[in-house]
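# Remarks on the overall topology
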Amino acid sequence: MTNTSLDYNLLLALKSVHDNATFVKGAAALGISQSAISQRIKSLENQVGVQVLRRGANLKLTTVGLQLVAHLNRVHDLEQDLVGHVPQLKIDRPVLRISVTADCLSTWWFPATQKRTIDLGLRFSITVADQEIARAKMETGEVCACLSSSAKALPAAKTVHVRTMTYRMYASPSFYAKYFEGNTLHNAVKKAPAVIFGKDDGLHSKYLALHDITGDFPFHEAPDATGIAQAVFAGIGYGMLTDEQIELIDSERTLIDISPQHHMPEKLYWHYWRNGSALLRQFSES
């Protein structure tokens, strides 16, 4: 029986289509034609014997496709260890593919990681994801490290607690007077529109559960942490903000803590692969 080695040009084609969401953009990113990238993916499927990409309006990797892209990402991570040792390879400056929450990005992440990022000469490719779904992106190989509210480490990964962010529920004075003043919280949230990051954002429901409130509630979607704060200030809705966000806000503007007797501490854990690149370990251990 003849052993078949993976053709990494074919894997690069698959990753490019996945990263760019279309064959046209994926081909352009590699500097090849659409027909050429399509042929490479067909060749990959012939090589592995199964479909790696579901075609259609929304391209999606199959389970095998996810595993192949995850493998390629891990190879790229390990290649970074060659930087400075084999300059003839002319490998680009290292890029760490990580997942960080929007709240962290808008407050403490960059100041906290600035020195180590510069010292190691790193570049980041950051995916914004909710604390509770970030680990899934590590499992599929989309990222090599992430911030998550889960303390449970993935197999072959390490986990360390890095920060606890405290969330409180805020509204502008006019919004509070309209929906919450003289009303119970249970009744108010049935009519008052919330402002949340997106449908995968579970923090709002988690906070309401502290008050034994479950079920659907009206909401605006604002996929940006700063945008959520601005929407709350503008009186468009009420929402959850961290103590770090409040500290960065103009002190002349006021918000009302809807339920001051309740706050929600959210522990954040940094997850990273044990057998990842040395740069990933150095960054993570710092």
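It should be noted that the structure appears before, not after, this text.
Residues numbered from 1 in each chain as written. Predicted model: local features only at pLDDT ≥ 70, side-chain atom pairs only at ≥ 80, totals over all residues. Heavy atoms only, no water.

### Digging into the pattern of salt bridges
The condition is simple: Should a side-chain nitrogen of Lys or Arg be within 4 Å of a carboxyl oxygen of Asp or Glu, the pair is scored as a salt bridge. Helix numbers and strand numbers start at the N terminus; a helix is a DSSP run of H or I with at least 4 residues, a strand a run of E with at least 2. Exposure is judged per residue with a 1.4 Å probe applied to protein chains only, and the accessible area is read against the type maximum: over 50% gives exposed, under 20% gives buried, and values in between give partly exposed.
Enumeration over the complete set of coordinates arrives at six salt bridges. For Glu244, the salt bridge is made with Arg163, and the minimal N-O distance between the two is 3.4 Å. Separated by 81 residues along the polypeptide, Glu244 in helix 12 (residues 243-248) and Arg163 in strand 6 (residues 157-171) bring together distant segments of the chain. For the salt bridge of Arg168 with Asp243, the shortest nitrogen-to-oxygen distance reads 2.9 Å. Here Arg168, found in strand 6, pairs with Asp243, found in helix 12; they are 75 residues apart in sequence, far enough to count as distant. Looking at Asp243, the relative accessible area reads 22%, which means it is partly exposed.

### Points about the layout of surface pockets
Rolled over the atoms, a probe as big as a water molecule pinpoints where empty space is left. Rules: Cavity means a closed set of points on a 1 Å grid over the protein atoms alone, one where a 1.4 Å probe fits but cannot get out, pocket means an open set with protein on both sides within 12 Å along at least 5 of 7 lines, and lining means a residue has an atom within 4 Å of a point. Grid points are joined across faces, edges and corners, and a volume is the space filled by probe spheres set on the points. Side-chain classes follow a simple rule in which Ala, Val, Leu, Ile, Met, Phe, Trp, Tyr, Cys and Pro form the nonpolar group, Asp, Glu, Lys and Arg form the charged group, and the remainder, Gly included, forms the polar group.
The space that makes up the second largest pocket amounts to roughly 260 Å³. Lining the second largest pocket, in full, are Trp108, Trp109, Ala112, Thr113, Lys115, Arg116, Leu147, Val162, Trp270, Phe283, Ser284 and Ser286. Elements that contribute at least two residues to the lining of the second largest pocket include exactly helix 6 (109-120) and helix 13 (278-285). Considering each element in turn, the lining of the second largest pocket owes the most residues, five residues, to helix 6. Class assignment for the residues of the lining of the second largest pocket results in seven nonpolar, three polar and two charged.

### Section: the packing of helix 2 (residues 23-30) against helix 3 (residues 34-48)
The following threshold applies: Each axis is a line fitted through C-alpha atoms, and for a helix only the stretch in contact is used; angles between axes span 0 to 180 degrees, taken between their N-to-C directions. Oblique is the label for every angle not falling under 35 degrees (roughly parallel), over 145 degrees (roughly antiparallel), or within 65 to 115 degrees (roughly perpendicular). Contacts are assigned to residue pairs with any non-hydrogen atoms lying within 4.5 Å of each other.
At a minimum axis distance of 8 Å, the contact between helix 2 and helix 3 shows a crossing angle of 100°. Between helix 2 and helix 3, the interaxial angle falls into the category roughly perpendicular. Across from Phe23, Val24, Gly26, Ala27 and Leu30 in helix 2, the residues of helix 3 making contact are Gln34, Ile37, Ser38 and Ile41. In terms of residue class, the contact of helix 2 with helix 3 is made up of six nonpolar, three polar and no charged.

These results come straight from atomic positions and should not be treated as a statement about function.
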